[in-house]
Amino acid sequence: MCKMLLIGVLCLFVQHFRGRKNRCYSLAVRAVRRAFVYASKARKAKRRNMRTLWISRIAAATREHGMKYPALVHNLLKCSVQLNRRVLCDLSITEPRSFHALTALARARQQEGLRAALGDGTEPPGVFSRITQLQ
Amino acid sequence: MSSFSRSAQQWATFARSWLLIDARLQPPGKIATMCAVRLQGKHKPIYHPLSDIGDHVVVMNTRHIAFSGNKWEQKVYSSHTGYPGGFKQLTAAQMHKKDPTAIIKLAVYGMLPKNLTRRTMMQRLHIFPDDVIPEDILKNLTEELPQPRKIPRKLSEYTQEERDAFPLLWNP
């Protein structure tokens, strides 16, 4: 009786397989074990793949605004803007104006040294340049 | 994914645009990278390798491409016909004389990802040796991309006043 339950449970996983793997018990057991192994490895690889996808999307969006991805990330980090790549990617797709504001912030932080050396000491317009302390 | 928001989609997000690049006096490798990026769709924030969101790219004036250095004589394109004694080697100059579009085509082919979508992307690349482009492609063009290399002026294009005003470093 227990064996029949196990076979029933196996059938649930094997419906979409090709060939005798979806009909014959011995072949199905082996195929299902391989499938479970691939699924476990893929759960780890999914996190890596999602991150590379986010990075390429953010890079595309920053290049639209005239900057490069490493410059954006490094300067946002220096400004202590702790947005992760997932959020940055979503902003770049659905909130283009906010993303443009972030690139402007990163560009201002990037050019801070040059502005201090060559400019006239005024703060860049339209950028929060001091972290305000809550009282 | 839990962070999908239900904001409205922008107009024509997934449209396939037609881009034009003028390759006159430009390095073919830089032209090829620009083409490859846009054929794959990597210039769009909605990029995904499976979504087929690349654009069409039209390259014109490939007859007037400009390799830097001595690459016209030194760069060798090799191929093998499969038959014994069929190893062929052509310099870039010979290849260009035989087919003015081949250099850009091979460069872009090598820069695209080596998977089954590469052939469809190559079909979306249109290369013309001169600036004669067919009517139906001309009607589709939406944007011209800026050239990667700034073309330096020839000595004959400088006026006599500019030549005199140029600072003299030493007297020969």
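Keep in mind it's a predicted model, so treat the numbers as computed, not measured. (Residues numbered from 1 in each chain as written. Chains lettered and ligands numbered in written order. Predicted model: local features only at pLDDT ≥ 70, side-chain atom pairs only at ≥ 80, totals over all residues. Heavy atoms only, no water.)

Draft legend 1. Broad picture of the pattern of salt bridges. All names here are of chain B. In the structure shown here, the tally under the stated rule is six salt bridges over all chains. Asp52 is paired through a salt bridge with Arg16; the nearest N and O atoms lie 4.0 Å apart. With Asp52 in the loop between α1 (28-40) and β2 (56-60) and Arg16 in the segment before β1 (18-22), this residue pair connects regions lying 36 residues apart in the sequence. With relative accessibility at 36%, the residue Arg16 sits in the partly exposed group. Linking Lys44 and Asp55 is a salt bridge whose minimum nitrogen-to-oxygen distance equals 3.0 Å. Pair noted here: Lys44 is in the loop between α1 and β2 and Asp55 is in the loop between α1 and β2, with a separation of 11 residues, a long-range link. Taken together, the shared-partner salt bridges in this structure form one network comprising Arg16, Asp52 and Arg124. (Salt bridge = Lys/Arg side-chain N within 4 Å of Asp/Glu carboxyl O. Helix = DSSP H or I, 4+ residues; strand = E, 2+ residues; numbered from the N terminus. Buried < 20%, exposed > 50% of the residue type's maximum accessible area, 1.4 Å probe, protein only.)

Draft legend 2. Seen up close, the nonpolar core. Counting 20 residues, the largest nonpolar core has Cys35, Val59, Val108 and Leu125 of chain B as the members making the most contacts within it. When residues of this core are traced back to their parent elements, those giving at least two are β1, α1, β2, α4 (102-111), α5 (117-123) and β5 (125-127) of chain B. If we skip the residues at most four places from it in the chain, Val108 of chain B touches Ala32, Cys35, Leu39, Met122 and Leu125 of chain B. Counting residues in hydrophobic clusters, the runner-up holds 19 residues, among them Ile58, Ala59, Ala108 and Val127 of chain A. (Core = buried A, V, L, I, M, F, W, Y, C linked by side-chain atoms within 4.5 Å. Contact = heavy atoms within 4.5 Å.)

Draft legend 3. Focus on the sheet that holds β5 of chain B. Residue and element names in this part refer to chain B. Overall, parallel pairing links the four strands, which are arranged β5-β2-β1-β6 in an open sheet. The open sheet has two free edges, formed respectively by β5 and β6 (143-144), since each of these has just one partner strand. Pairing analysis gives five bridges linking β1 to β2, with the strands arranged parallel. Across the sheet, residue Asp22 finds its bridge partner in β2, namely Met60. (Pairing = 2+ DSSP bridges.)

Draft legend 4. Local environment of the environment of Ala31 of chain A. Residue and element names in this part refer to chain A. Within the secondary structure layout, Ala31 lies in helix α2 (residues 25-64). Separated by 91 residues in the primary sequence, Ala31 and Thr122 place their C-alpha atoms 68 Å from one another. When neighbours within four sequence positions are excluded, Ala31 is seen to be in contact with Phe17 and Lys21.

Draft legend 5. The pairing of β2 of chain B, seen in detail. Residues and elements named next belong to chain B. Where burial is concerned, most of β2 is hidden: five out of the five residues are buried. The side-chain alternation of β2 yields two buried faces, one formed by His56, Val58 and Met60 and the other by Val57 and Val59. A crossover connection joins β1 to the parallel β2 through α1; in handedness this β-α-β unit is right-handed. As paired strands, β2 and β5 are joined by three bridges and run parallel to one another. In the sheet register, Val57 faces β5, and the bridge partner there is Leu125. (Right-handed = clockwise from strand over helix to strand, strands pointing away.)

Draft legend 6. Spotlight on the UniProt feature "signal peptide" (unreviewed entry) in chain A. Cross-referencing UniProt, the feature "signal peptide" (unreviewed entry) maps to residues 1-19 of chain A in the present numbering. Strand forms 0% of residues 1-19 of chain A and helix 68%; the C-alpha atoms that close the span are 27 Å apart. (UniProt positions renumbered as here; feature names shortened; annotations may be inferred.)

Draft legend 7. How the structure looks around the interface of chain A and chain B. Counting from both sides, the interface comprises 13 residues of chain A and, opposite them, 12 residues of chain B. Its largest share of buried area at the contact with chain B, chain A owes to Leu53, Arg57 and Ala60 of chain A, together 35% of the area lost on that side. Taken together, the links from chain A to chain B amount to zero salt bridges. Between the two partners, chain A and chain B, sit one residue pair in polar contact (both at pLDDT 80 or more). Within the residue set of the side of chain A that touches chain B, elements represented by two or more residues are α2 and α4 (85-94) of chain A. If you tally residues by element for the side of chain A that touches chain B, the top one is α2 of chain A, at eight residues. The class makeup of the residues in the side of chain A that touches chain B is six nonpolar, three polar and four charged. (Buried area = accessible area lost by both parts, 1.4 Å probe. Polar contact = N/O pair within 3.5 Å; in protein donor to acceptor, adjacent residues only side chain to side chain. Nonpolar A, V, L, I, M, F, W, Y, C, P; charged D, E, K, R; others polar.)

Draft legend 8. Inspection of helix α5 (residues 96-110) of chain A at higher detail. All names here are of chain A. Here α5 contains 15 residues, and its C-alpha end-to-end distance of 21 Å stays within 8% of the 21 Å for a straight helix at 1.5 Å per residue. Regarding α5, the residues found buried are Phe99, Leu102, Thr103, Leu105, Ala106 and Ala108. Elements in contact with the buried residues of α5: α2, α3 (69-78), α4 and α6 (112-118). (Expected span 1.5 Å × (residues − 1).)

Draft legend 9. Quick look at the packing of aromatic side chains. Under the criterion given, the structure shown has two aromatic pairs over all chains. Between Phe13 of chain A and Phe36 of chain A, the ring centres sit 5.0 Å apart and the planes meet at 90°, which makes this aromatic pair edge-to-face. Highlighted residues: Phe13 of chain A in helix α1 (residues 2-14) and Phe36 of chain A in helix α2, separated in sequence by 23 residues. A relative accessible area of 42% means that Phe36 of chain A is categorised as partly exposed. Directly above the aromatic system of Tyr109 of chain B lies the positively charged group of Arg118 of chain B, at a separation of 3.8 Å from the ring centroid. Its end group placed over the ring of Tyr158 of chain B, Arg153 of chain B keeps NZ or CZ at 4.2 Å from the ring centre. (Phe/Tyr/Trp six-rings, centres within 6.5 Å; stacked < 30°, edge-to-face > 60°. Lys NZ or Arg CZ within 6 Å of the ring centre and 35° of its normal.)

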